[in-house]
Amino acid sequence: MAACHEINYDEKIYEKPNKILLMGNPNVGKSVFFSNLTGIHVVSSNYAGTTVSYTEGTLKLGNESYTLIDVPGTYSMEATSEAEEVAVRFMNSNPIAVLCVLDATNLERNIKLGLELQKYKVPIVYALNLTDVAKRHGYEINVSLLSKELAAPVIPTVAVKNEGLNQLKDELQKVINRPKMACGNCSSCPACASNMLNTWDRAREITAKVRKKVDTKLSFLDRLGSNMLKPWPGIPIAILVILLSLGVIVGGGKALRATLLLPLVNKVLVPFFKMVFSSFVPEGTLLNVLIGEYGIFVIGFEWIIALIFPYVLLFYIVFSFLEDSGVLPRLSVLFDNIMRKMGIQGGSMITILLGYGCAVPAIIGSRAATTKKERLSISSIVCFAVPCISQTGALISLFAGFSPVLLILMILLSLSIMMIVSSVLSRLLKGTVDPMVIEIPNLLMPNGKAYGKKLMLRMKGFLLDAEVPMLISIVIAALLKETGLLAQIAVYLEPIVSGWLGLPKDAVIALILGIVRREMAVAPLLAIEGLTALQAFVGGTVALLYLPCLSVFGILTKEFSVKVALTIACSTTITAFVVAGLINQLAHLFM
């Protein structure tokens, strides 16, 4: 097994009675089945490598309750990877039934896994999913014949539309209640035929029998999906997608901030809380901490709601759409050559893009990498040069008062740092990077219900994971300001802050708060009057390259080691001060 995968699992779940396993290849829609059957809204993604740990929920069949376990997506039961090892362990944990999801558009490969599962002698019901897409591709599948060949119920489904799910539950209930019959491994039994043939040969034989190609005209989405994998017109389309995505996030975020959120904060929320607290809290330190210049109920609303929230919301709207539509894997294929020059394969582009939302899930997502070298490279690149969406929103707001050129220069700086870091790591880290192996899903319009669930879950995760550290940062800022500690710290750091970086002494608060949350290294700069364009860019550079926030440091420690986390933290901090200082010093030489 590859040593870099660390699949999370809980031994207690193996002892649970009444287990039903939800199994299948990656990208067949298992997460959508799980969500619809249990009511638990898990994040379902449209690219390989997403489900690397299992999820469990309660499935009601009639008057009985069962534990439904979403087993990591696997292509084989030969246990050549951690995901496959987990699947094998689950199959050996005495489940009472298996719900195996088959992709109707990739029938042979899916049947091969379905045949391997039969060898465990566990009752199986097959869900033939994506039947609508198969028809669109010109394939007709004889479901009754497929059921006969597999010697098990096969239910045609379209999971995102809830089609076939009730029939699926009925069949599950039947196979669970059906008494087990002994099998003599006879040659006339279709289920036993796979024991006498190579599994691939048997899967190929079944597919040839049950699937028929009919003349049909490919839809616009099918033609577009195919063209997006070719350099022409794939690369121009990819560039257009990226530009449109940036336009929606940056332009939409600024519009949402200016027209709705800033008036809400400045004209409604802040005046209301100032009026409330002023009515019963006497003047002094406590009142200033609550509603002063750095008051919790002033910058708490300005930074979190007006500054960060609109960009986070729009990022996840766009990213979730690109995920569910199948665009992201196509971008990975197109940019594989470029990514390999950076020391990582194209499939890791998806993980790095996830880092633009938050570094934590991106570092966890690096488990999908096949070597430790690539995992370390991805995590380091994300920490060095990929700003999370909260930080990006803060940078956009900071540069909005100057020129769009500053934002373009910051993007170019980020990409340059990314290339340099990846190049250095490819030489320093021992090991190899495997060729890209990624499944290209069908290009689809996302289902509105599933898309909405994913978006709500991600925004809920942001609010729960990010809001508390942000509030802690705001409380620290208010206390430092009102107690005078900020002024004392500024004196000691003045040679670095004002001398080397050329920033106002008040900018020291950004360096302190940036330890808690990366976007908080930017937000305080917005409150400094008289900030020049150069100072804004230098401050933004420090924030971009500054040490990982506490949550990122924690996940680095968990996924790798304290040594790795400390090395990345020290390296990013030194790089931040060196690069930002050089920009300031060189700018003054030529200005």
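Residues numbered from 1 in each chain as written. Predicted model: local features only at pLDDT ≥ 70, side-chain atom pairs only at ≥ 80, totals over all residues. Heavy atoms only, no water.

## Brief notes about the packing of aromatic side chains
The line we're drawing: Aromatic contacts are taken between Phe, Tyr and Trp rings whose centres are within 6.5 Å, Trp giving its six-membered ring; a plane angle under 30 degrees counts as stacked, one over 60 as edge-to-face, and the others as tilted. Segments assigned H or I by DSSP are reported as helices when at least four residues long, segments assigned E as strands when at least two residues long, and all are numbered from the N terminus. Three exposure classes are used, based on accessible area relative to the maximum for each residue type with a 1.4 Å probe and protein chains only: buried under 20%, partly exposed in between, and exposed over 50%. Charge-over-ring contacts are defined here by two conditions on Lys NZ or Arg CZ: a distance within 6 Å of the ring centre and an angle within 35 degrees of the ring normal.
Considering all chains together, one arrives at eleven aromatic pairs under this definition. Aromatic side chains Phe-273 and Phe-277 sit 6.3 Å apart centroid to centroid with 25 degrees between the ring planes, which places their arrangement in the stacked category. Separated by four residues within a single helix, Phe-273 and Phe-277 lie in helix 11 (residues 231-278), roughly one turn from each other. Of the two residues, Phe-273 and Phe-277, neither departs from the other in class, the shared state being buried. Its end group placed over the ring of Tyr-139, Arg-211 keeps NZ or CZ at 4.6 Å from the ring centre.

## Thoughts on the environment of Ser-325
Formally: N or O atoms within 3.5 Å of each other form a polar contact, as long as, within protein, one can give a hydrogen and the other can take it, and as long as residues adjacent in sequence are counted only when both atoms are side-chain atoms.
Looking at the secondary structure, you find Ser-325 in helix 13 (residues 296-325). Judged by relative accessible area, Ser-325 falls into the buried class, the value being 3%. When the C-alpha atoms of Ser-325 and Ala-510 are compared, they prove to be 39 Å apart, with 185 residues separating the residues in sequence. At a separation of 2.8 Å, a polar atom in the side chain of Ser-325 contacts the main-chain carbonyl oxygen of Phe-321.

## Concerning the pairing of strand 4 (residues 97-103)
Convention followed: In this scheme, strands are said to pair when DSSP sees at least two bridges between them.
Counting buried residues along strand 4, seven of its seven residues qualify, which places the element largely inside the surrounding structure. The two faces of strand 4 match: Ala-97, Leu-99, Val-101 and Asp-103 on one face and Val-98, Cys-100 and Leu-102 on the other face are all buried. Of the strand pairs in this sheet, strand 1 (residues 19-24) and strand 4 are connected by five bridges, and their pairing is parallel. By the bridge assignment for strand 4, Leu-22 is matched with Leu-99. Inspection of the sheet shows strand 4 paired to strand 5 (residues 124-129) by six bridges, in the parallel sense.

## Things to note about the nonpolar core
Basically, it comes down to this: Each nonpolar core is a collection of buried residues, namely Ala, Val, Leu, Ile, Met, Phe, Trp, Tyr and Cys, held together in the definition by side-chain atoms within 4.5 Å.
Judged by nonpolar contacts, the single largest core of 104 residues is most densely connected at Trp-303, Ile-381, Phe-399, Val-552 and Leu-556. The dominant element in this core, judged by the number of residues it contributes, is helix 13, at twelve residues. Counting residues in hydrophobic clusters, the runner-up holds 33 residues, among them Cys-100, Ala-134, Ile-206 and Val-210.

## Some thoughts on the pattern of salt bridges
Counted only if it meets this: For salt bridges, the criterion is a side-chain nitrogen of Lys or Arg within 4 Å of an Asp or Glu carboxyl oxygen.
If you walk through the whole model with that rule in mind, you get 13 salt bridges. A salt bridge links Lys-112 to Glu-116, with the shortest nitrogen-to-oxygen separation between them at 2.8 Å. Remark: Glu-116 and Lys-112 occur in helix 4 (residues 107-118); sequence separation between them is four residues, near one turn of the helix. Relative accessible area serves as the criterion here: at 5%, Lys-112 is assigned to the buried category. For Lys-174, the salt bridge goes to Glu-171, with nearest N and O atoms at 3.7 Å. Taken together, the positions of Lys-174 and Glu-171, both in helix 7 (residues 165-177) and three residues apart, correspond to about one turn of that helix. Among the charged side chains, a salt-bridge network with shared partners connects Glu-149, Arg-202, Glu-205 and Lys-209.

## Observations concerning the sheet that holds strand 3 (residues 64-70)
Sheets are built from strands paired through backbone hydrogen bonds, the pairs being either parallel or antiparallel. To be explicit about the condition: Every angle, taken between N-to-C directions, lies between 0 and 180 degrees, and every axis is a line fitted to C-alpha atoms, over only the stretch in contact when it is a helix.
The six strands lie next to each other as 2-3-1-4-5-7, forming an open sheet whose pairing is mixed. On the outer flanks of this sheet lie strand 2 (55-61) and strand 7 (154-156), each paired with one strand and no other. Between one strand and the next, the sheet's axes are offset by a mean angle of 25 degrees, whatever the strand orientation.

## Some points on the state of the cysteines
Rule in force here: Cysteine sulfurs are considered disulfide-paired once they come within 2.5 Å of each other.
Scanning the model with the defined rule gives zero disulfides in all. Left unpaired, Cys-358 is separated from the closest cysteine sulfur, that of Cys-388, by 6.3 Å. Cys-570 carries a free sulfur, and the closest cysteine sulfur to it, the one in Cys-383, is 13 Å from it.

## Some words on the environment of Ile-249
Heads up, the condition is: Should any heavy atoms of two residues lie within 4.5 Å, those residues are counted as being in contact.
Mapped onto the secondary structure, Ile-249 falls in helix 11. For the pair Ile-249 and Val-318, spaced 69 residues apart in sequence, the C-alpha to C-alpha distance is 7.7 Å. Residues within four places of Ile-249 in sequence aside, it is in contact with Tyr-311, Leu-314, Phe-315, Val-318 and Ile-389.

## Remarks on the pairing of strand 1
Most of strand 1 is tucked away: six of the six residues are buried. Side chains Lys-19, Leu-21 and Met-23 of strand 1 all project onto a buried face; the interleaved residues Ile-20, Leu-22 and Gly-24 project onto the opposite face, where all are buried too. Note: strand 1 against strand 3, four bridges, orientation parallel. In the sheet register, Leu-22 faces strand 3, and the bridge partner there is Asp-70.

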